[in-house]
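Fold and geometry: a report
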Amino acid sequence: MTTASESDFDLATMRLALEEARKSQPSPNPPVGAVVVNEAGEVVAAAYHVRAGEEHAEVVALRRAGDAARNGTIFVTLEPCNHHGRTPPCVDTILRSGVRRVVIGCLDPNPNVDGGGAARLTEAGLTVDVGVAGAEARALIAPWAKFITTGMPYVSLKLALSLDGRIATRSGSSKWVTGPEARAKVQELRAQHDVVGVGIGTALADDPRLTVRTPGLAEQGRCPTRAVFDTHLRLPLHSRLVQTAREVPTWVLTGEDAPGANEQALVDAGCVVLRVPNSAEGRVEVSAALRILAAQGVVSILVEGGAELAGSLLAARLADELHAFIAPILLGPRGRPGAVDWAGPDTPSEAPRIVDPRWALCGRDAYVSGPLAFPR
C-alpha cells in the first residue's frame with residue numbers, strides 16, 4: 001500500500017468517483033462512489049452507494065463493468081470494507097473481479113471496525129494507492145467521520161440576517177428577511193441532512209413546515225426528519241409540524257420535567273418525543289440531545305434557529321459548519337436581536353470563525369459558508 005502521487009488521470013478519475021458519491025444518501029453509512037477503468041485506461045462503469053443495506057458502490061460498479069474490469073483499476077472514494085455488516089465485504093468482490101490496481105481517496109476512520117481493507121488488497125498482490133483527491137474525499141465523509149468517531153452528529157448552523165445583524169423588524173415580522181433564491185438554497189441544505197432542527201421559539205413564531213419542496217429534491221425522497229428543541233413541550237397541536245407528523249417524521253426533544261399529558265398528546269398526533277436531561281439553565285441540554293439523536297442513527301443535522309439554540313450550540317462548541325445568508329437591508333436597532341443569543345467571546349481573536357469561507361450570491365443576498373473553527 002502506497003501513498004499516491006496524483007497523476008492528472010488519477011485525479012480526474014477520482015473526482016468522477018466523488019461526483020458519484022455525492023448522489024448517494026446512505027445514512028447512517030458514509031457516501032461512497034466508485035469508477036472502474038479497463039486495462040486500456042477507459043472508464044467502463046461508475047456507481048454509488050444508494051442507501052444503507054443495499055450493495056456498496058464497488059460491488060455495483062464491478063458488476064456493471066463485468067469482464068472489462070479484468071486487469072483494470074477501480075477508483076473508490078473510501079477504503080473498501082473488509083468486514084461483514086448488512087452486506088458482504090467489498091474486498092472479496094474486488095479480489096474476484098480481476099482488477100490489478102485499487103486507488104482509494106481516503107482510509108476508513110471507523111474505530112469500531114477491524115477493517116484493513118487496503119492492507120488485505122495489498123497482501124493479495126494488488127497495487128493499492130491511497131490519498132488521491134484525499135482532502136476532497138475526507139471532506140465528503142466529514143459528517144459521517146464525526147458521527148462514527150465521537151457518537152455525535154455533524155451540526156450545520158444556518159443563519160439569516162440583515163446587514164445590521166437583525167432577524168426581524170421591531171414588530172417581529174421576519175417574512176422574508178432573505179429573498180427567494182436564498183430560501184431555495186436552504187431547501188437544498190435541508191435535503192443534504194438527516195434532520196432539520198429548530199428551537200421552540202422559532203416553531204411558535206414562524207409555524208414552519210421544515211420540508212423539502214423543491215421540485216426534483218422532493219421526488220428523490222430527500223426529506224429530512226424534523227426536530228424541535230422544546231424544553232416544556234409547548235409545541236401546539238395545531239402547528240403545521242404536528243399536523244403533518246404522520247406524513248413527515250417529527251421528533252420533539254424535551255426536558256425531563258415536561259408535562260406527561262403534553263407528551264401523550266403529541267405522540268397521539270404522530271410525533272416522537274425524546275426526553276433529554278436539562279442544562280443548568282433549565283433548558284434541554286444540547287450536547288445530550290445531540291447524542292440521543294446520534295443514537296437514533298442521525299449523522300447530520302441542519303439547525304435553522306432560533307437564537308437561543310444557535311447560541312447554545314456555539315457556546316458549547318458543537319457547531320461544525322456555518323451557513324449565513326445576509327440580506328442587503330437594515331432593520332434598525334429596535335429590530336429583533338441577532339440570530340445568535342450567547343455571551344460571545346471577550347476579544348475578536350477568540351471568536352469562532354469560518355475556515356476558508358466560501359462566498360456566493362443568492363439573488364441579492366450574500367451567502368457565506370464553511371467549516372467552523374473555535375480558537376483554543
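Residues numbered from 1 in each chain as written. Predicted model: local features only at pLDDT ≥ 70, side-chain atom pairs only at ≥ 80, totals over all residues. Heavy atoms only, no water.

Identification of the protein as Riboflavin biosynthesis protein RibD from Polyangium spumosum is taken from an unreviewed UniProt entry. As stated in UniProt under Function (unreviewed entry), the record for the protein gives "Converts 2,5-diamino-6-(ribosylamino)-4(3h)-pyrimidinone 5'-phosphate into 5-amino-6-(ribosylamino)-2,4(1h,3h)-pyrimidinedione 5'-phosphate." (UniProt positions renumbered as here; feature names shortened; annotations may be inferred.)

Once that is clear, we can look at the overall build of the protein. Along the backbone of the protein there are twelve helices and 16 strands. Scaling as 2.2 N^0.38, a compact globule of 376 residues should have a C-alpha radius of gyration of about 21 Å, and the protein matches this with 23 Å. In the protein, which comprises 376 residues, the proportion classed as buried is 49%. Considering only contacts in the protein between residues 6 or more positions apart, those separated by 24 or more positions represent 71%. Entry remark: accessible area of the protein is about 17,600 Å², with carbon and sulfur atoms responsible for 51%. Across the protein, the 38 positively charged side chains and the 42 negatively charged ones have centroids separated by 6 Å. (Helix = DSSP H or I, 4+ residues; strand = E, 2+ residues; numbered from the N terminus. Rg over C-alpha atoms; globule rule 2.2 N^0.38 Å. Buried < 20%, exposed > 50% of the residue type's maximum accessible area, 1.4 Å probe, protein only. Contact = heavy atoms within 4.5 Å. Areas by Shrake-Rupley, 256 points an atom, 1.4 Å probe, with all protein chains shown as cover. Lys, Arg positive; Asp, Glu negative; His and termini not counted. Charge placed at Lys NZ, Arg CZ, Asp CG, Glu CD.)

Looking now at the nonpolar core. Ranked by size, the top nonpolar core spans 44 residues in total, and within it Met-14, Val-36, Val-99 and Val-102 carry the most contacts. Once you skip the residues sitting within four places of it in the chain, Met-14 turns out to touch Phe-75, Val-76, Thr-77, Val-103, Ile-104, Gly-105, Val-132 and Ala-133. By size, the runner-up hydrophobic cluster in this structure holds 34 residues, among which are Ala-289, Val-298, Ala-310 and Ala-324. (Core = buried A, V, L, I, M, F, W, Y, C linked by side-chain atoms within 4.5 Å.)

On the secondary structure map, Thr-13 appears in helix H1 (residues 8-21). Note on Thr-13: relative accessible area 3%, which makes it buried. Beyond its immediate stretch of four places on either side in the chain, Thr-13 contacts Val-35, Val-37 and Phe-75.

Bringing the UniProt feature "binding site: substrate" (unreviewed entry) in the protein into the picture now. The positions UniProt marks with the feature "binding site: substrate" (unreviewed entry) are Ser-174, Arg-190, Asp-206, Leu-210, Arg-213 and Glu-304. With respect to the helices, strands and loops of the structure, Ser-174 is situated in the loop between strand E7 (154-162) and helix H7 (180-191). Taking the relative accessible area as the measure of exposure, Ser-174 reaches 22% and is therefore partly exposed. Leaving out residues up to four positions away in the same chain, Ser-174 has contacts with Ile-167, Ala-168 and Asp-206. You can see Leu-210 is positioned in the loop between helix H8 (200-206) and strand E9 (225-229). The contacts of Leu-210, once residues within four sequence positions are left out, are Arg-190, Val-196, Val-198, Arg-226, Leu-241 and Glu-304.

Our focus in this paragraph is the packing of aromatic side chains. Under the definition given, this model contains two aromatic pairs. With centroids separated by 6.3 Å and ring planes inclined at 75 degrees, the aromatic side chains of Phe-9 and Phe-75 adopt a geometry described as edge-to-face. Here Phe-75 lies in strand E4 (residues 73-78) and Phe-9 lies in helix H1, a separation of 66 residues in the sequence. Note on Phe-325 and Tyr-367: the rings are 4.5 Å apart at their centroids and 5 degrees apart in plane angle, and the pair reads as stacked. Residue Phe-325 is located in strand E13 (residues 321-327), and its partner Tyr-367 is located in strand E16 (residues 365-373); the two are separated by 42 residues in the primary sequence. The buried category is assigned to Tyr-367, whose relative accessible area is 8%. (Phe/Tyr/Trp six-rings, centres within 6.5 Å; stacked < 30°, edge-to-face > 60°.)

The complete set of buried residues in helix H3 (residues 90-97) reads Cys-90, Val-91, Thr-93, Ile-94 and Ser-97. One side of H3 carries all its buried residues, which in axial view fall inside an arc of 160 degrees. Elements in contact with the buried residues of H3: helix H2 (57-65), strand E5 (101-106) and helix H4 (117-123). (Arc of directions from axis to C-beta.)

Taken domain by domain, the protein comprises domain 1 (8-144) and domain 2 (151-373). Just the C-alpha atoms count here: the centres of domain 1 and domain 2 sit 34 Å apart. Facing nine residues of domain 1, the contacting portion of domain 2 comprises eight residues. The junction of domain 1 with domain 2 conceals about 600 Å² of combined surface from both sides, 51% of it contributed by carbon and sulfur atoms. Its largest share of buried area at the contact with domain 2, domain 1 owes to Gln-25, Ser-27 and Pro-143, together 67% of the area lost on that side. Taken together, domain 1 and domain 2 are joined by zero salt bridges. The interface formed by domain 1 and domain 2 contains one residue pair in polar contact (both at pLDDT 80 or more). Looking at the side of domain 1 that touches domain 2, its residues break down into four nonpolar, three polar and two charged. (Domains from an automatic or database assignment. Buried area = accessible area lost by both parts, 1.4 Å probe. Salt bridge = Lys/Arg side-chain N within 4 Å of Asp/Glu carboxyl O. Polar contact = N/O pair within 3.5 Å; in protein donor to acceptor, adjacent residues only side chain to side chain. Nonpolar A, V, L, I, M, F, W, Y, C, P; charged D, E, K, R; others polar.)

Here we take up the side chain of Glu-321. Inspection of the secondary structure assignment puts Glu-321 in strand E13. Buried and unpaired, Glu-321 has no salt bridge, with Arg-358 as the nearest side chain of opposite charge at 4.8 Å. If we skip the residues at most four places from it in the chain, Glu-321 touches Tyr-154, Val-155, Ser-156, Leu-157, Gly-370, Pro-371 and Leu-372.

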